[in-house]
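Summary of structural features
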Amino acid sequence: LPALFKQELQNTEAEEGGTATLRCELTKPNAPVEWKKGDTTLYPGLKYEVKQQGSTAELVIYDLELDDS
């Protein structure tokens, strides 16, 4: 069976230059998660940090810009 959202992403507000954390909870622990913005896949690096522990997946976005919304 596919992994489903137990808890979907919530809207997050943050200030330009700050950091935002997006978090979701899945029905299957350690299910593969791919973070996207539109059609673009987001990869870990200076701008993005991807974390996953059990059934919780997080995307941390650093140095926020208006284009990150």
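Now for a quick tour of the structure.

Definitions and cut-offs
Residues numbered from 1 in each chain as written. Predicted model: local features only at pLDDT ≥ 70, side-chain atom pairs only at ≥ 80, totals over all residues. Heavy atoms only, no water. Core = buried A, V, L, I, M, F, W, Y, C linked by side-chain atoms within 4.5 Å. Buried < 20%, exposed > 50% of the residue type's maximum accessible area, 1.4 Å probe, protein only. Helix = DSSP H or I, 4+ residues; strand = E, 2+ residues; numbered from the N terminus. Contact = heavy atoms within 4.5 Å. Pairing = 2+ DSSP bridges. Axes fitted to C-alpha atoms, helices over the stretch in contact; angles between N-to-C directions.

1. Digging into the nonpolar core
For soluble globular proteins, nonpolar side chains are generally found buried alongside one another. Counting eleven residues, the largest nonpolar core consists of Ala 20, Cys 24, Leu 26, Ala 31, Trp 35, Leu 42, Tyr 48, Ala 57, Leu 59, Ile 61 and Leu 64. Contributing elements (two or more residues each) for this core: β2 (20-26) and β6 (56-61). If we ignore the near neighbours within four places in the chain, the residues touching Ile 61 are Gly 18, Thr 19, Ala 20, Leu 22, Lys 47, Tyr 48 and Asp 68.

2. Some thoughts on the pairing of β2
In the sheet, strand β1 (residues 5-7) pairs with β2 via two bridges, with the strands oriented antiparallel. The residue bridging Phe 5 from the neighbouring strand is Leu 26, located in β2. In terms of strand pairing, β2 meets β6 through six bridges, oriented antiparallel. Opposite Leu 22, over in β6, you have Leu 59 as the bridge partner.

3. A short note on the environment of Tyr 43
With respect to the helices and strands, the residue Tyr 43 is situated in the loop between β4 (40-41) and β5 (48-53). Residue class for Tyr 43 comes out exposed when judged on its relative accessible area of 60%. For the pair Tyr 43 and Lys 28, spaced 15 residues apart in sequence, the C-alpha separation works out to 22 Å.

4. What to know about unusual backbone geometry
Its identity is not glycine, yet Asn 30 carries a phi of approximately 60°, on the positive side. Residue placement: Asn 30 occurs in the loop between β2 and β3 (36-37). The exposure class of Asn 30 is exposed, given its relative accessible area of 59%.

5. So, the sheet that holds β2
If you trace the four strands from one edge of the open sheet to the other, you get β1-β2-β6-β5, paired in antiparallel fashion. In this open sheet, the two edge strands, each paired with only one partner strand, are β1 and β5. This sheet shows a mean twist of 30° between the axes of neighbouring strands, independent of strand direction.

By themselves, these figures tell us nothing about what the structure is for.
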